[in-house]
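What follows is the residue order along each chain.
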There are 4 protein chains.
Amino acid sequence: MNIKRADLYRELALEAHLRQGLSAINRVICVLILLASFVAILETEPMLRALSPRLFPTLETVFVVIFIGEYLLRLYVVGEDPHYRGVRGRLRYVFSFWALVDLLAILPYFLGIMVQDNGFLLRLLRLGLMLRLTRLGRFSQAWAALTEALKSRSHELWLSVGLAMLLLLFSSFCLYLAEASDQPVAFGSVPRVLWWSVTTLTTVGYGDMVPITGLGKFFAGLTAVAGIGIIAIPTGILAAAFSDAFQKKQK
Amino acid sequence: MNIKRADLYRELALEAHLRQGLSAINRVICVLILLASFVAILETEPMLRALSPRLFPTLETVFVVIFIGEYLLRLYVVGEDPHYRGVRGRLRYVFSFWALVDLLAILPYFLGIMVQDNGFLLRLLRLGLMLRLTRLGRFSQAWAALTEALKSRSHELWLSVGLAMLLLLFSSFCLYLAEASDQPVAFGSVPRVLWWSVTTLTTVGYGDMVPITGLGKFFAGLTAVAGIGIIAIPTGILAAAFSDAFQKKQK
Amino acid sequence: MNIKRADLYRELALEAHLRQGLSAINRVICVLILLASFVAILETEPMLRALSPRLFPTLETVFVVIFIGEYLLRLYVVGEDPHYRGVRGRLRYVFSFWALVDLLAILPYFLGIMVQDNGFLLRLLRLGLMLRLTRLGRFSQAWAALTEALKSRSHELWLSVGLAMLLLLFSSFCLYLAEASDQPVAFGSVPRVLWWSVTTLTTVGYGDMVPITGLGKFFAGLTAVAGIGIIAIPTGILAAAFSDAFQKKQK
Amino acid sequence: MNIKRADLYRELALEAHLRQGLSAINRVICVLILLASFVAILETEPMLRALSPRLFPTLETVFVVIFIGEYLLRLYVVGEDPHYRGVRGRLRYVFSFWALVDLLAILPYFLGIMVQDNGFLLRLLRLGLMLRLTRLGRFSQAWAALTEALKSRSHELWLSVGLAMLLLLFSSFCLYLAEASDQPVAFGSVPRVLWWSVTTLTTVGYGDMVPITGLGKFFAGLTAVAGIGIIAIPTGILAAAFSDAFQKKQK
C-alpha cells in the first residue's frame, strides 16, 4: 500500500481548511452529498419512478457504497490524530457528533431494503436520507458562525418565542370564544384554532379557516396586528446578531 | 407548627430571585401553572372530553385547590413584609396587582360550576382560566425588561398605531368606493371593508374578500404596498427598543 | 363684543403649542373631527341607515355648521398675524395649505345635497368627508417629524420604489409567459398579471390567482423570494429614518 | 454636416452626468425607453389589441427605428473615446456590456416579425422587449450603488440563501411525510410540496395547498415560524448594506 495514512489524513482533515479552503477530496464529497440529496428528492415523485423503475435504487446503492467507503476511510485515517488513536480512540470517534451524523446518513438505506410497504415508514426513511445534507455543515465555517450568533442571543430569542406562544394561546382562546358557535367544526376547540392562529400570527393567511362573526373578525384583526410585533422582535434580534457575527469575522 | 412563617416567606418571595433564581417552591408553582393551562386548552376539545367525561373536571378541581392553597399561603406569609402587616396590610395586598391576577385565575372555576349552558359564557370562563398564564409574568425578569422597553418608545409606537389606523380607514373608504357596486354584500359599507383592510395591511391576505374591479385592484395594490411601510415602522422601533433594553441589562 | 380678537387668535393659533400643548378650543376641534369621521364611517352601513333614516343627515348638518363656524372664526382672527392682514392677506390665507384642507372637508357636504343617486358619486363624496381626518395633521408635531424623516430619505425610498416597479413588471411578464396558455382568462395579459404580482411581492397572497404550471410555479417562487428583498430594503430605510428622527427630537 | 462628432459625443456620453445630471438627449432616450416598455405591456392585452389592430405594430416599428438610430449614433460618436477608436475599437464597443444590452432590446422586434404563432414564442419575445427597461440602469448612479452594496455582503446573502434552501427542502420532506397519504395528488412527492414550502416560508400563503392532518399542521406551523427567521436574516443584512452604501455616498 503506497498511499500513506498521514497523507490521506491531511486530505480528509478539516482543521486546515479555515486557512486553505477545502481539499480536492472533501470538495468531491460535498458534490456527492448534494447529488445524493437531489436524487433522494426526485425519487419521491411517482411519475419519475414509473419512467425508470431501476434507476433510483441503483443510484441509491452507488451513493451508499461511496459513503460507506468514505466512512471507513475516515475511521482508518483518524488514527493519525492522537486523540482517536487505538481501538478506544476509534470508538470515541464513532460516537463523536459528526461521525454519528455520517452514520445516520447511511443507515436509512439498509432499513429501506427491509421495509416493504410504500407508506409512512418508507417516507420517514427517505426523510432520513435528507440528513445527508446536514453533513455539509461539517465543511462550512459559516455554520459555526451562525450557531454562535444564535447562541449569543439565545436568551432574547427564547423570550420572544415565549411571548409568541403566549400570544398564540391567547388569540386561539379569543377566536374559540367568538367563533365556536357559528363554525363548530373548524373553530370547535382551542387546539383546532391553534392552526388558524399560527398562520395568522406569521401573516401566512391561507384562508382555509376564516372568522365570520364581528367579534371574531375584531379579535382576528388584533391578532394580525400583534403578529407584526411578534415578527418584529426576532427580526431585530436576529438581524443584530448576524450583523455582529459578520463584523467580528471581518476583524 | 414547626415551619416558621419567615422561612416560608423567604421561599415564596420573589425579591431575591433576581440574584439567586427562583426558589424550589416557586418553580413548582410555575410548572403547575403551565400544566393547568395545558389542561384548560385540551378541555375545550369535545373529542377529548367525550373520551373521559370525569377527567377534566377532576383535574380542574385539583388545580384550583392547589392554587387556593398557594393564595392563602401567600396571604399568610406576606405579613413578614412590614408594608403588608396587620389586617389593613393584608387588604392592601389583596388589592395589589399580582394578587388580583392570582384571584382572577381562581374565580372562573366557581363561576363555571354555576353556569349550566355549554355556549358563549362557558367559553368566556375558560378564557378566564387562561389568565393563569399571565401569572407567570410575576416570575420573569424578562417581562419587566419587555414592558420597560415598550414604555420607553411608547410615543413612537402610538404614532405608528395612529398612522396605521388612518391608513386602515382611508384604504377601507377607497375599496368601498371602488367595489360597493360590484360586490354589494362583501364591500357594502366601510365597517365591512375594514376586515379586508386589516388582513391586507398586515399582509395576511386570507382571500375571503378580494377586489374584482380594476379601480379596486389598483387601490388594493397601493394598500398592500403601504402595508409594508406600516410594518416597517414598528419593526424598526421595536427592534431598536429591544436592542437597547438588552444592551442595558448586559452592562 | 367683549371677547377680544387677539385672545381668540391666541387660543386658535398653533405656533405656541409646541411648547404648551394644544389649547382647550383646539382639543375640542380635534375631538369633533374624530367624531365626525366616525359618523361618516358608520353612515356607509345600510343596516345602520335603515335603523334611523334621519339621524345621519342631521349629525352631518350639525358637524358642517360647527366646521363652517370654525373656518370663519379662523379667517376672522388670522388678521392678528401681520402676514394675513387686510383683504389681500385674507385671500392669501384662504389659499394656504391647511385652509384649503379645511375647505375641502366642508365642501363635500353641499355637493352631497345636490347629488341624488346612491352610487359611485355619493361614495366619492363620503370619501371627501374622510379628508377631515387629515386636518388632524395640523395639530400634530409628529406629522411634521414623520414627513421630515421621509423627505430626508426620499432618494433611497424612490430608488426602492423604482426597483419594486421593475421587479413587478418583470415578474408579471414571466408569469404571463408561463401561464397564459393554461389560464388564458386570469393570466391572459401583463396588466391582468400585475394584480397577482403585487399581492405576491408584498407577500399578501390572496389565492384568487395561482400559477398551475411548473414553469409558472418556479417563477412565482422566485417572485415570492424577491418580495422579501423588496420588503427588506424600505423596511431598513424607514426604520433608520424614524430612529434618526426620534433621536434628534430627544436631543 | 455641421454638427461636430465631439459635441454629439459630449451629449451622449454618461461619464459627465455624475457631476451635471443627464443631458437633454439622454433624458429624451430615458422617456422613450419608458414609453416603449409601457406600450409593450399594453400590447399583451387582447382587448386593447382588438380595439386597434394596427396601432401597436406601428408604435413598435417607430420605437425600433429610433432605438436603431440611437445605437448607430452611439457607435459613430464613441470613436471620440481613444479606447474605442478605429474598427477594432468599434468591435470592442459592440461587445461591451451596455452595447449588448442595447442590441438585445432591438433584436426581439425582428424575430417577432418572423414568428407567426401567437403562443409561447411570441410571449418570450415580448419579454425580450422588456429588457429595454434594464437599459435605464446605464443612466442611473443608484444602480451602481445598489449592485456594490449587494456585492459587499454577497457572502452573508449566499449563506442565508443556502439556509433558506435547506429549510425549504427539509420542510417539504416533512410535509410529504405527513400529508402524502391523505392528499396523494397535491402532496404526493417532494418536488410537488416545494411549491407549498416556498409560499409558506415567504409567508405568501395562497391557500391552494393546505395540510389537513394534525402532524402536517404541526410541521406547517414550524415552517411558518421558521419563515420569520428566514425573512429576518436577509432583511437585516440588506438593510445594513443599504444603510452603509447611502452613508458612504453622503460623505
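Residues numbered from 1 in each chain as written. Chains lettered and ligands numbered in written order. Predicted model: local features only at pLDDT ≥ 70, side-chain atom pairs only at ≥ 80, totals over all residues. Heavy atoms only, no water.

Chain A carries the name Potassium channel protein in an unreviewed UniProt entry, which gives Vreelandella nigrificans as its organism. Under Subcellular location (unreviewed entry), UniProt gives the following word-for-word description of chain A: "Membrane". (UniProt positions renumbered as here; feature names shortened; annotations may be inferred.)

Counting secondary structure elements, chain A contains 13 helices and zero strands. Considering chain A as a whole, with its 251 residues, one finds that 51% of them fall into the buried category. Partitioning the contacts of chain A with sequence separation of at least 6, the portion at a separation of at least 24 is 63%. Accessible surface for chain A amounts to roughly 12,600 Å². Of this, 70% is attributable to carbon and sulfur atoms. (Helix = DSSP H or I, 4+ residues; strand = E, 2+ residues; numbered from the N terminus. Buried < 20%, exposed > 50% of the residue type's maximum accessible area, 1.4 Å probe, protein only. Contact = heavy atoms within 4.5 Å. Areas by Shrake-Rupley, 256 points an atom, 1.4 Å probe, with all protein chains shown as cover.)

Residues and elements named next belong to chain A. In the numbering used here, UniProt assigns the "transmembrane region" (unreviewed entry) feature to residues 21–42, 54–73, 93–114, 157–178 and 218–242. From the first C-alpha to the last, residues 54–73 spans 29 Å; its make-up is 95% helix and 0% strand. Helix makes up 82% of residues 93–114 and strand 0%, whereas the separation of the span's terminal C-alpha atoms amounts to 28 Å.

On to the interface of chain A and chain D, then. Counting from both sides, the interface comprises 31 residues of chain A and, opposite them, 40 residues of chain D. Together, the buried faces of chain A and chain D total about 3,300 Å²; carbon and sulfur atoms form 75% of this surface. The largest share of the area that chain A buries against chain D comes from Arg123(A), Trp195(A) and Tyr206(A), three residues that together contribute 22% of it. The interface formed by chain A and chain D contains one salt bridge. Among the ionic pairs, Arg192(D) bridges to Glu45(A), the shortest N-O distance being 2.6 Å. At the junction of chain A with chain D, the criterion picks out eight residue pairs in polar contact (both at pLDDT 80 or more). Looking at which element gives the most residues to the side of chain A that touches chain D, the answer is helix α13 (residues 214–250) of chain A, with eight residues. Looking at the side of chain A that touches chain D, its residues break down into 21 nonpolar, five polar and five charged. (Buried area = accessible area lost by both parts, 1.4 Å probe. Salt bridge = Lys/Arg side-chain N within 4 Å of Asp/Glu carboxyl O. Polar contact = N/O pair within 3.5 Å; in protein donor to acceptor, adjacent residues only side chain to side chain. Nonpolar A, V, L, I, M, F, W, Y, C, P; charged D, E, K, R; others polar.)

By size, the foremost hydrophobic cluster in this structure holds 153 residues, and its most contacted members are Trp196(A), Trp196(B), Trp196(C) and Trp196(D). The element contributing the most residues to this core is helix α12 (residues 154–179) of chain D, with nine residues. Dropping the residues within four chain positions of it, Trp196(C) is found in contact with Ser171(C), Leu175(C), Phe187(C), Met209(C), Pro211(C), Ala220(C), Thr223(C) and Tyr206(D). Ranked by size, the runner-up nonpolar core spans 17 residues in total, among them Tyr9(B), Ile33(B), Phe67(B) and Ile106(B). (Core = buried A, V, L, I, M, F, W, Y, C linked by side-chain atoms within 4.5 Å.)

Attention shifts here to the relation of the copies chain A and chain D. Each copy of the chain is related to the other by a rotation around an axis and a translation along that axis. Note on the copies: chain A fits chain D at an RMSD of 0.1 Å, the axial shift is 0.0 Å, and the rotation between them is 90°. Expressed as an axis order, the relation between the two copies is that of a four-fold axis. Mapped onto chain D, only 16% of the interface residues of chain A are again interface residues, and the two copies thus contact each other with different surfaces. (Least-squares fit on C-alpha atoms with pLDDT ≥ 70 in both.)

Here we take up unusual backbone geometry. Unusually for a residue other than glycine, Thr203(B) sits at a positive phi of about 55°. In this structure Thr203(B) comes out as buried when scored by relative accessible area, which is 4%.

On to the pattern of salt bridges. Residues and elements named next belong to chain A. Going through the model one piece at a time under the given rule, you end up with eight salt bridges over all chains. In this structure, Arg 74 engages Glu 70 in a salt bridge whose closest nitrogen and oxygen atoms are separated by 2.9 Å. With a gap of four residues between them, Arg 74 and Glu 70 both fall in helix α5 (residues 55–77), about one helical turn apart. This pair shows no difference in class: Arg 74 is buried, exactly as Glu 70 is.

What follows deals with the packing of helix α11 (residues 154–179) of chain A against helix α12 (residues 190–201) of chain A. In a packed pair of helices, the relevant descriptors are the angle between the two axes and the axis-to-axis distance. All names here are of chain A. Closest axis-to-axis distance for the α11/α12 pair is 8 Å, and the angle between their directions is 120°. Classified by the angle between their axes, α11 and α12 sit oblique to one another. Here α11 runs over α12; the crossing is right-handed. Every residue of α12 that contacts α11 at Ala 164, Leu 167, Leu 168, Leu 169, Ser 171, Ser 172, Phe 173, Leu 175 and Tyr 176 is listed here: Val 190, Val 193, Leu 194, Trp 196, Ser 197, Val 198 and Leu 201. (Axes fitted to C-alpha atoms, helices over the stretch in contact; angles between N-to-C directions. Parallel < 35°, antiparallel > 145°, perpendicular 65-115°, else oblique. Left-handed = near helix turned anticlockwise from the far one by under 90°.)

Attention shifts here to the packing of aromatic side chains. A complete count under the given rule lists 32 aromatic pairs over all chains for this structure. Here the aromatic rings of Phe97(A) and Trp98(A) are separated by 5.0 Å at their centres, their planes lie at 70°, and the arrangement is edge-to-face. Taking the relative accessible area as the measure of exposure, Phe97(A) reaches 57% and is therefore exposed. Between Phe218(D) and Phe219(D), the ring centres sit 6.1 Å apart and the planes meet at 50°, which makes this aromatic pair tilted. Classification of Phe219(D) as buried rests on a relative accessible area of 18%. (Phe/Tyr/Trp six-rings, centres within 6.5 Å; stacked < 30°, edge-to-face > 60°.)

Here chain A averages 82 in pLDDT, and 86% of its residues register 70 or above. Per-element confidence in chain A is highest for α12(A), whose mean pLDDT is 93, and lowest for helix α2 (residues 17–20) of chain A, whose mean pLDDT is 54. (pLDDT = per-residue confidence, 0-100.)

Right, let's talk about the side chain of Ser189(B) for a bit. One can find Ser189(B) in the loop between α11 (154–179) and α12 (190–201). Among residues more than four places away in sequence, those in contact with Ser189(B) are Tyr176(B), Thr44(C), Glu45(C) and Pro46(C).

Turning our eyes to something else, we now look at helix α9 (residues 120–135) of chain A. Of all the positions in α9(A), only Leu122(A), Arg123(A), Leu125(A), Arg126(A), Leu127(A), Gly128(A), Leu129(A), Met130(A), Arg132(A), Leu133(A) and Arg135(A) are classed as buried. Tucked inside the fold, the buried residues of α9(A) contact α3 (24–42), α4 (46–51), α5, α7 (97–104) and α8 (107–114) of chain A together with α12 of chain D.

Turning our eyes to something else, we now look at empty space enclosed by the protein. On inspection of all chains with the given rule, the structure shows two cavities of 30 Å³ or more. Its boundaries defined by the atoms lining it, the largest cavity holds a volume of some 280 Å³. Contributing to the lining of the largest cavity are 20 residues, with Ile231(A), Thr203(B), Ile231(B), Ile231(C) and Ile231(D) lying nearest its centre. When contributions to the lining of the largest cavity are tallied by element, the ones reaching two or more residues are α13 of chain A, α13 (214–250) of chain B, α13 (214–250) of chain C together with α14 (214–250) of chain D. If you tally residues by element for the lining of the largest cavity, the top one is α13(B), at four residues. Broken down by class, the residue content of the lining of the largest cavity amounts to eight nonpolar, twelve polar and no charged. Size it by volume and the second largest cavity reaches roughly 40 Å³. It is α5(A) that provides the largest number of residues to the lining of the second largest cavity, a total of three residues. (1 Å grid on protein atoms, 1.4 Å probe; cavity = no way out; pocket = protein on both sides within 12 Å on 5 of 7 lines; lining within 4 Å. Points joined across faces, edges and corners; volume = space filled by probe spheres on them.)

Axis separation between α11(A) and helix α9 (residues 120–135) of chain B bottoms out at 9 Å; the angle between their running directions is 170°. If you check the angle between α11(A) and α9(B), you find them roughly antiparallel. Here Leu166(A), Leu169(A), Phe170(A), Phe173(A), Cys174(A), Tyr176(A) and Leu177(A) of α11(A) lie close against α9(B), whose contacting residues are Phe120(B), Arg123(B), Leu124(B), Arg126(B), Leu127(B), Met130(B) and Leu133(B). When grouped by side-chain class, the residues that make up the contact of α11(A) with α9(B) number twelve nonpolar, no polar and two charged.

Taken together, the side chains of Phe120(A), Leu121(A), Leu124(A), Leu215(D), Phe218(D) and Leu222(D) define a hydrophobic patch exposed on the protein surface, amounting to about 550 Å² of accessible area. Those elements that provide at least two residues to the nonpolar patch are α9 of chain A together with α14 of chain D. Residue placement: Phe120(A) occurs in helix α9. (Patch = residues over 30% accessible without salt bridge, like charges linked within 9 Å, V, L, I, M, F, W, Y side chains within 5 Å.)

A word on the environment of Arg126(D). Structurally, Arg126(D) is set in helix α9 (residues 120–129). Residues Arg126(D) and Ile41(D) lie 85 residues apart in sequence; the distance between their C-alpha atoms is 8.4 Å. Not counting chain neighbours up to four residues away, the residues in contact with Arg126(D) comprise Phe173(C), Tyr176(C), Glu43(D), Thr44(D) and Arg49(D).

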